[in-house]
Amino acid sequence: MIGYDGTIYFLAGLGFGAAASAPLAHCLGERFHVVGIDLPGQGGASDAADGSVQTMADVALAAIEAEADGGPFLLVAHSMGGKVAALVAARLLSGSANVFGLAGAVLLAPSPPVPEPMDDDKRALMLAWLADGGLSEVDAREFVAQNVAEPLRESSEQDAVAQVRQTSPLSWKRWLTEGSTEDVSAVVGVLDLPVVVLAGEDDEDLGASAQPRLLAGVYPRARFVSLAETGHLLPYERPDEVAAEIERLWQTTVEASPQVPAEWGRLIASGRTGTEERGMLARRAIADDPHYAPRAISQAQLTTLRALADRLVPQPGMRRIDLAARVDGDLTAGRGDGWRPAELPDDISAYRIGLDAIASVWPHDAEQQDTLIRRIIAGEPVTDAPWDDDALSLWFEDVRNDLARAWLAHPASLARVGYDGFATSAEGVEPAGFVSLGAGLRDPWEPGDLGTPVTVSEADE
Amino acid sequence: MNLDDMRTHADDDIVDVVIVGTGAGGAPLLARLAERGLRVVALEAGPNLGPKGFTNDEVGAPRINWMSERLSGGDAPTAFGPNNSGWGVGGGTLHWGAFTPRPDIRDLNLFTESGVGADWPVDHAELIRYVAEVERTIGVSGPNPYPWDPDREYLDPPVDRNAAADLMAIGCDRLGIRATDAPAAILSRARDQAHHGHRHASRNLGTIHQGERFGTKATTANTYLPAAVAAGAEIRPDSMVHGIERDSLGRISAVVYRHDGREHRQRCATLVLAGGGIETPRLLLNTGLANSSGQVGRNFLAHGGVQVWGRFDEQQRAYRGYPSALISEDFVRPDGVDFAGGYLLQSLGVMPLTYATALVRGGGLWGDDLMEALDSWRYSAGIGINGECLPAEDNRLVLSDEVDEWGIPRAIVAFSPGQNERAIDEHATATMTRILEAAGALGTRVLARTAHTLGTCRMSADPSMGVVDGDGRSHDIPNLWISDNSTFPSSLTANPGLAQLALSLRTADRMLR
Ligand SMILES: Cc1cc2nc3c(=O)[nH]c(=O)nc-3n(C[C@H](O)[C@H](O)[C@H](O)COP(=O)(O)OP(=O)(O)OC[C@H]3O[C@@H](n4cnc5c(N)ncnc54)[C@H](O)[C@@H]3O)c2cc1C
């Protein structure tokens with residue numbers, strides 16, 4: 001058994017490396033497994049073939065793949081690492097890495113996907129530090145000092161300076177001349193992911209006041225936190241605050257939504273599952289936005305739909321999928337099922353009318369709610385909806401179906417009901433499909449709760 | 001499928017034949033006509049996805065279904081979308097279940113036998129010769145001997161049985177009901193398909209309705225369509241036909257279609273409609289053509305598809321393996337009943353979201369009952385039917401006032417089962433319940449359902465009774481033909497795909513006469 005709740009993958013900023021996660025790991029304690037990652041040229045890691053952000057993301061993903069256990073994790077990324085994290089998150093949500101479990105990201109004074117705003121003089125100075133082949137002790141100290149609001153404690157400062165000095169000159173130069181100026185925003189796109197962005201008020205280009213403008217479009221769900229008397233080196237300056245935000249994000253995402261068991265997560269991550277399917281499952285696994293703003297229906301209608309969802313597709317306990325929000329998302333995107341009862345208007349209009357009608361008679365008490373539901377299904381007159389009673393019950397059948405499907409499409413629900421057929425379509429994996437079909441049996445690659453394993457020979461071709 | 005090097009034609013070339021649709025009705029005919037040297041163009045409303053474009057995810061999979069809304073009415077509104085319609089190069093065969101019983105002679109002569117329903121103006125022996133040809137071409141696996149037809153021969157052995165098939169076999173055996181491995185257009189042995197390439201042997205996938213990447217399932221896109229293209233046919237995907245033009249003599253002269261947001265007009269000497277049981281009548285009603293009989297849109301047929309599910313101690317997980325691996329034809333004409341026709345039985349495993357929808361819509365479940373039923377899905381095995389549906393004038397397709405994204409009025413389809421359909425349902429439900437109980441089910445659950453979209457442009461010997469003749473040619477317009485499920489005069493107990501592929505070849509041969 002693993003002895004922690006989840007994993008934190010930490011991507012450091014320019015001049016730092018995996019070791020920069022130490023203060024944070026200390027603050028987080030046993031609960032999280034903190035995995036610091038050395039990007040190319042960081043912490044003694046070798047340089048990459050080129051200086052592109054994509055290549056840095058490849059390195060980060062390889063490290064995550066090597067460490068991933070199928071359970072939930074957050075990306076925590078600082079400065080330059082933030083730009084890499086954006087690409088990493090985009091790749092994880094599209095399924096194009098053998099990893100599953102991304103729950104959100106905590107970004108610390110991150111560099112944005114667009115070219116990083118950087119003062120020319122500052123860039124020139126930082127490049128000048130390379131003149132004698134590498135960063136001297138003095139330069140490293142100056143770099144650290146420039147990036148903090150208050151001097152660091154002696155031991156922290158020594159750590160930080162040592163890491164800066166360990167950074168390869170090539171990677172330093174490449175970030176300043178290539179990586180930071182690259183525009184990867186088109187590849188990153190819009191990431192509908194729970195994200196917290198922390199930044200210092202005494203930071204410059206990547207400070208608290210700049211971040212919303214740089215990132216609100218990339219991460220529509222981002223919460224921006226500004227830290228007073230803080231410069232740019234958040235991992236060293238504010239590890240306690242960062243740890244608190246991580247815990248808070250964890251609580252509102254991983255602990256608030258159904259989780260895919262790690263063994264199932266590993267199967268989704270594995271080469272047995274196709275890229276596109278992995279991406280769909282990854283996106284559906286993301287916890288819903290507690291501040292979800294409906295687009296097809298009104299806030300009041302969403303409230304009614306949530307109340308209905310509680311009765312129609314009950315999810316006892318604290319871990320929940322916001323089924324109503326997901327149905328609103330489908331309605332907004334026009335994802336229908338190809339037909340509707342002839343008596344009803346288009347899906348969105350029907351939802352609006354139907355939900356208003358139900359809201360007008362919705363009782364407070366759960367038992368009475370169930371009675372009302374039974375009467376609607378039976379086609380009894382219950383509301384003054386502008387439809388006849390049969391039409392209301394036909395619409396209500398759509399609602400019941402939409403909510404049930406929204407629930408079941410979530411990978412945690414699929415694991416709960418014992419469906420692993422998503423893992424049968426990848427190329428180059430043989431036997432790609434199922435071999436043992438009998439009751440109570442399973443193939444060796446299937447999760448343990450699905451039956452007794454049968455060892456199989458190769459498929460017939 | 002690969003369309004890169006196909007022969008192409010200009011819009012104002014008068015091609016010999018334009019075919020609307022590339023599913024079970026369109027594709028074999030396209031291949032046959034091209035192989036005989038005709039200049040043929042198929043217009044397909046949906047995309048050309050290719051195997052890698054499919055996904056086994058049920059939410060993503062409707063990219064191979066006709067998702068533009070249809071309106072359903074009547075006592076048993078028909079579910080369309082993933083349940084009932086093809087879209088894309090390959091049509092309905094991209095998502096079909098590939099369950100391929102042969103049409104039974106008694107079903108083709110239902111009216112003569114029972115005084116209700118309709119006879120088919122088609123000779124059974126001739127149809128079966130075409131069926132056998134289709135089976136060879138697409139690769140149908142099945143058992144020898146076939147209990148209900150000892151003369152028949154399947155060239156490939158049956159595919160593996162899954163847990164649901166095992167249970168149905170046990171239950172049938174205990175009750176003295178004959179049941180055997182189902183004929184299926186799933187390869188039990190790999191093959192190289194002419195003009196297509198390698199097709200793998202069955203991978204025991206329960207996800208075949210979502211589209212199948214390995215070519216184990218026959219579709220027209222991995223059989224007839226590549227053969228058609230190799231013989232010089234042109235296939236234009238993303239081309240939605242919405243208009244039909246005629247010359248001064250009233251003969252078809254061109255079709256109008258939308259492609260890439262622009263109107264195109266393809267001239268042709270002959271037109272074949274193969275858009276399926278909904279789109280063909282919709283197009284005819286909208287253009288006002290071929291309807292002197294008033295029969296366009298009438299007699300919409302949907303197979304009885306009731307299911308019974310049993311819950312067992314062990315995990316069945318019948319989403320593994322070919323979903324309908326067992327068949328019984330013992331009830332094609334059950335003894336001592338007061339209904340006409342009968343039904344086929346098939347064992348069932350289904351995908352999770354499909355099952356959820358069946359529980360909600362067909363079983364009326366919600367709340368804790370629904371969640372409990374979903375939790376016991378993995379312990380469940382089902383049996384379903386394909387039951388006869390008699391034609392009824394009022395089960396019909398009409399046009400609504402609302403238009404779709406192409407500006408065509410949407411179809412409104414009303415369907416109410418009649419006395420005969422209800423009696424079949426009841427009989428079948430009792431039979432399936434008995435089988436599951438005999439197999440040791442701890443409990444059973446009935447889920448109501450219908451399947452397939454047939455009728456609506458039926459064939460008839462008498463021009464006042466139907467839209468096309470027994471060859472598929474319009475009674476009204478000599479250079480207009482229909483080759484799709486809309487021509488079925490009655491539903492048959494056999495599932496319609498195989499019969500449709502065979503009828504398509506037959507219509508092609510009639511056109512070549
Ligand atoms: C879920 C499901 C499972 C099935 N399983 C089985 C089974 O196991 N066994 C069996 O025998 N049968 C099965 N069937 C039925 C089988 O798929 C159909 O009988 C068969 O595909 C019908 O052929 P068709 O040519 O009439 O229509 P389709 O195969 O649906 O082809 C019609 C094509 O025409 C195109 N089209 C329509 N209108 C236009 C237009 N205006 N312009 C351009 N293109 C147009 C459509 O996009 C479509 O591609 C199943 C059907 C469904 C829905």
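A short tour of the structure in this document, coming up. If you're wondering where the values come from, they're calculated on a predicted model, not measured in any experiment.

## Focus on the overall build of chain B
Line of reasoning, step 1. The helix and strand tally for chain B stands at 11 helices and 20 strands.
Line of reasoning, step 2. Its C-alpha atoms give chain B a radius of gyration of 22 Å, near enough to 24 Å, the size a compact globule of 513 residues would have.
Line of reasoning, step 3. Counting only C-alpha atoms, chain B reaches 70 × 50 × 45 Å along its principal axes.
Line of reasoning, step 4. Counting every position in chain B, which comprises 513 residues, the buried fraction comes to 66%.
Line of reasoning, step 5. Intrachain contacts of chain B at a sequence separation of at least 6 include 74% that bridge at least 24 residues.
Line of reasoning, step 6. For chain B, the accessible area works out to roughly 16,600 Å², and carbon and sulfur atoms hold 46% of it.
Line of reasoning, step 7. Both charge centroids of chain B, one from 47 positive and one from 64 negative side chains, sit 3 Å from each other.

## Thoughts on the environment of A:E380
All names here are of chain A.
Line of reasoning, step 1. Mapping E380 onto the fold places it in the loop between α17 (366-377) and α18 (389-409).
Line of reasoning, step 2. Placed 37 residues apart in sequence, E380 and V417 show a C-alpha to C-alpha distance of 33 Å.
Line of reasoning, step 3. Non-local contacts of E380, meaning those with residues more than four positions away in its chain, are made with R375 and D389.

## A short note on the sheet that holds strand β6 (residues 223-227) of chain A
Strand pairing in a sheet takes place through backbone hydrogen bonds and is either antiparallel or parallel in direction.
Residue and element names in this part refer to chain A.
Line of reasoning, step 1. Strand order in the open sheet formed by six strands is β2-β1-β3-β4-β5-β6, and the pairing between neighbours is parallel. What marks the edges here is a single partner per strand, and that holds for β2 (32-37) and β6. For this sheet, the mean angle separating the axes of adjacent strands, direction not counted, is 20°.
Line of reasoning, step 2. Bridging between strand β4 (residues 102-108) and strand β5 (residues 195-200) involves four bridges; their strand directions are parallel. Bridging from a neighbouring strand, V106 pairs with V196 of β5.
Line of reasoning, step 3. Each of β1 (6-11), β2 and β3 (73-78) touches helix α2 (residues 53-67); the most contacted strand, β2, lies at about 145° to it.

## Quick look at the packing of helix α5 (residues 163-175) of chain B against helix α10 (residues 419-438) of chain B
Residues and elements named next belong to chain B.
Line of reasoning, step 1. Look at α5 against α10: their axes get within 7 Å of each other, and the N-to-C directions meet at 100°. Between α5 and α10, the interaxial angle falls into the category roughly perpendicular. Residue-level inspection shows M168, G171, C172, R174 and L175 of α5 in contact with α10, the latter providing R434, I435 and A438.

What counts and how
- Residues numbered from 1 in each chain as written.
- Chains lettered and ligands numbered in written order.
- Predicted model: local features only at pLDDT ≥ 70, side-chain atom pairs only at ≥ 80, totals over all residues.
- Heavy atoms only, no water.
- Helix = DSSP H or I, 4+ residues; strand = E, 2+ residues; numbered from the N terminus.
- Rg over C-alpha atoms; globule rule 2.2 N^0.38 Å.
- Buried < 20%, exposed > 50% of the residue type's maximum accessible area, 1.4 Å probe, protein only.
- Contact = heavy atoms within 4.5 Å.
- Areas by Shrake-Rupley, 256 points an atom, 1.4 Å probe, with all protein chains shown as cover.
- Lys, Arg positive; Asp, Glu negative; His and termini not counted.
- Charge placed at Lys NZ, Arg CZ, Asp CG, Glu CD.
- Pairing = 2+ DSSP bridges.
- Axes fitted to C-alpha atoms, helices over the stretch in contact; angles between N-to-C directions.
- Parallel < 35°, antiparallel > 145°, perpendicular 65-115°, else oblique.

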